[in-house]
Amino acid sequence: TMLPTLTGSMMPLVGQELREFMDEYQKLICLGVIIADGSRGSVYWNSRMKRPVFRYSMGRRDVSKLKQGLAAVYRILLESGARDITSSVRGFYHVKSHSDVDRFVRAGHRANDFDCLAWHPLGTCRIGRSKESGVVDQNHEVFGTNNLYVCDGSVVPSSLGVNPMLTIVALTHRASRGISQRIELIEKKTNRALGRDQRAFEGHDTEVLESPASIGA
């Protein structure tokens, strides 16, 4: 079950109906559907708004995947004893029986009939072999830069179809080890260079000069 504030904000309810729904929060269970979407989106800079703008349109194939997943969730909940399933699909805000699920499956739906949330957005700084196919290289360093790394979920090339948390953690752990090793190598090179400079300095005779104003002071 999610946090009450998040659950309440996701429900297609207002006023007294929402109040009564949240009064029964201790009896709620929340199930969601994750799909490996094939739809495309874009990120571009809006000069008038002075900020990046994100666009995403869900295609028909992904709508079909989402419907199949939701129908399975409805049936699981009904078989588990649920009396009223509150859904965020237009026209099916309340699902109470298998006949309601059958109607849902037969109904024609468009992408904007579903209220969806985007968890763990992926792919905006994807790993690639070159700057033509990605934003960062296999070491997570941004192409065309030095010492600029991206280590979050944006480097995952595409949708996984499962919760990507462990994948993100694994990639970040791998990247951090590589960055740490690179820092150690830079430090070793720097120390060797400083050592050479120190030895070169110590190998020369030095003469201490005093200014006339300090002599005999």
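Our structure's up above, just so we're on the same page.
Predicted model only: the values in this text are computed from it and were never measured.

1. Regarding the pairing of strand β2 (residues 51–56)
As a general feature of sheets, a regular strand has side chains that alternate between the two faces.
Okay, so step 1: The sheet contact formed by strand β1 (residues 41–46) and β2 spans six bridges and is antiparallel. Paired with S42 across the bridge in β2 is R55.
Okay, so step 2: In textbook terms, the turn of a hairpin is the stretch between consecutive antiparallel strands, and for β1 and β2 this stretch comprises four residues, one of which, K50, has a positive phi near 60 degrees.

2. Thoughts on unusual backbone geometry
Okay, so step 1: Even without a glycine there, the phi angle at K50 is positive, about 60 degrees.
Okay, so step 2: Looking at the secondary structure, you find K50 in the loop between β1 and β2.
Okay, so step 3: Judged by relative accessible area, K50 falls into the exposed class, the value being 64%.
Okay, so step 4: Phi angles above zero are rare outside glycine, and H140 is one such case at about 75 degrees.
Okay, so step 5: For H140, the position within the fold is in the loop between α4 (98–106) and α5 (165–202).

3. Re the packing of aromatic side chains
Okay, so step 1: As enumerated under the stated definition, the model contains two aromatic pairs in all.
Okay, so step 2: When the centroid spacing of 5.2 Å and the interplanar angle of 70 degrees are considered together, the rings of Y74 and F104 count as edge-to-face. Taken together, the positions of Y74 in helix α3 (residues 60–79) and F104 in helix α4 put the pair 30 residues apart, joining distant regions of the chain.
Okay, so step 3: Since its relative accessible area comes to 0%, F104 is described here as buried.
Okay, so step 4: When the ring of F92 is compared with that of F104, the centres are 5.5 Å apart and the planes differ by 80 degrees; the resulting orientation is edge-to-face. In this pair, F92 is assigned in the loop between β3 (85–86) and β4 (94–95) and F104 in helix α4, connecting sequence segments twelve residues apart. Considered together, F92 and F104 belong to a single accessibility category, that of buried residues.
Okay, so step 5: Taken together, the ring pairs in this structure connect Y74, F92 and F104 into an aromatic cluster.
Okay, so step 6: Here the basic side chain of K67 rests over the ring of F104, its NZ or CZ set 5.3 Å away from the ring centre.

4. Things to note about the pattern of salt bridges
Okay, so step 1: All told, the structure shown has six salt bridges when counted by the stated rule.
Okay, so step 2: Residue D62 pairs with K65 through a salt bridge whose shortest N-O separation is 3.9 Å. Remark: K65 and D62 occur in helix α3; sequence separation between them is three residues, near one turn of the helix.
Okay, so step 3: Assessed through its relative accessible area of 2%, D62 is described here as buried.
Okay, so step 4: Across the salt bridge formed by D113 and R90, the nearest N and O atoms sit 3.6 Å from each other. Of the two residues, D113 sits in the loop between α4 and α5 while R90 sits in the loop between β3 and β4, which places them 23 residues apart along the sequence.

Criteria and thresholds
- Residues numbered from 1 in each chain as written.
- Predicted model: local features only at pLDDT ≥ 70, side-chain atom pairs only at ≥ 80, totals over all residues.
- Heavy atoms only, no water.
- Pairing = 2+ DSSP bridges.
- Helix = DSSP H or I, 4+ residues; strand = E, 2+ residues; numbered from the N terminus.
- Buried < 20%, exposed > 50% of the residue type's maximum accessible area, 1.4 Å probe, protein only.
- Phe/Tyr/Trp six-rings, centres within 6.5 Å; stacked < 30°, edge-to-face > 60°.
- Lys NZ or Arg CZ within 6 Å of the ring centre and 35° of its normal.
- Salt bridge = Lys/Arg side-chain N within 4 Å of Asp/Glu carboxyl O.

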